[in-house]
Amino acid sequence: MRQATSKAVAGSSADRRPVLSLAAGIALLAGVTTAHAQSTGIAACDDFLTKYDACVVSKVPEAQRAMYKTQIDQTRKAWVDMAKNPSAKATMESTCKQTLDATKASLTAYGCSF
């Protein structure tokens, strides 16, 4: 009886490992998604960031993806910081639209459309 109980406990412990790994993976992805979804508070900027992220993830080859992700992460951080400054925030919509126009051409080569 003792041996059967030990096996049952050992089996249930082994069964929990994949579930815990899956849960940890989901939590990690949720954190990544939250970090990337940080809003600037400016609709034009958030729209650009969302479209850029979607393009990079779905169209840019894996070998080049890290470079583009680094650029967008830096841009997002800069824009979030700028949005905290009332005088800078007033000009951000036009800045984001200009960035969209400038970026469109370079990402069109990958089949992205904005």
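Residues numbered from 1 in each chain as written. Predicted model: local features only at pLDDT ≥ 70, side-chain atom pairs only at ≥ 80, totals over all residues. Heavy atoms only, no water.

**Thoughts on helix α4 (residues 86-108)**
Residues separated by three or four positions in an α-helix point in the same direction, a consequence of the helix having 3.6 residues per turn. Its 23 residues give α4 an end-to-end C-alpha distance of 33 Å, which sits within 8% of 33 Å, the value for a rise of 1.5 Å per residue. The axis of α4 is deflected most strongly, by about 45 degrees, at methionine 92. Within the sequence span of α4, burial applies to Ala88, Met92, Cys96, Leu100, Thr103 and Leu107. (Helix = DSSP H or I, 4+ residues; strand = E, 2+ residues; numbered from the N terminus. Expected span 1.5 Å × (residues − 1). Bend = angle between axes of the 7 residues up to and from the residue. Buried < 20%, exposed > 50% of the residue type's maximum accessible area, 1.4 Å probe, protein only.)

**Here we look at the pattern of salt bridges**
Enumeration according to the criterion identifies 6 salt bridges in this entry. We note a salt bridge from aspartate 47 to lysine 51, for which the minimum N-O separation is 3.2 Å. A residue pair is termed a helical-turn pair when its members lie 3 or 4 positions apart in one helix, as aspartate 47 and lysine 51 do in helix α2 (residues 43-59) at 4 residues. Classification of aspartate 47 by relative accessible area gives partly exposed; the value is 36%. A relative accessible area of 33% places lysine 51 in the partly exposed class. Between aspartate 81 and lysine 84 there is a salt bridge, and its shortest N-O distance comes to 3.9 Å. By relative accessible area, which is 63% here, lysine 84 ends up exposed. Each of Lys77, Asp81 and Lys84 takes part in one network of salt bridges that share partners. (Salt bridge = Lys/Arg side-chain N within 4 Å of Asp/Glu carboxyl O.)

**Overview of the nonpolar core**
Formed by 18 residues in total, the largest nonpolar core has its most connected members in Cys45, Phe48, Tyr52, Tyr68, Trp79, Met92 and Leu107. Looking at this core, the elements with two or more residues in it are α2, α3 (62-83) and α4. Looking at this core element by element, the count peaks at 7 residues for α2. (Core = buried A, V, L, I, M, F, W, Y, C linked by side-chain atoms within 4.5 Å.)

**Here we look at the packing of α3 against α4**
It is at 10 Å that the axes of α3 and α4 come closest, and there the two elements cross at 165 degrees. If you check the angle between α3 and α4, you find them roughly antiparallel. Of the two elements, α3 crosses α4, and the hand of that crossing is left-handed. Here α3 contributes Tyr68, Trp79, Met82 and Ala83 to the contact with α4, which in turn contributes Ala88, Lys89, Met92, Thr95, Cys96, Thr99 and Leu107. (Axes fitted to C-alpha atoms, helices over the stretch in contact; angles between N-to-C directions. Parallel < 35°, antiparallel > 145°, perpendicular 65-115°, else oblique. Left-handed = near helix turned anticlockwise from the far one by under 90°. Contact = heavy atoms within 4.5 Å.)

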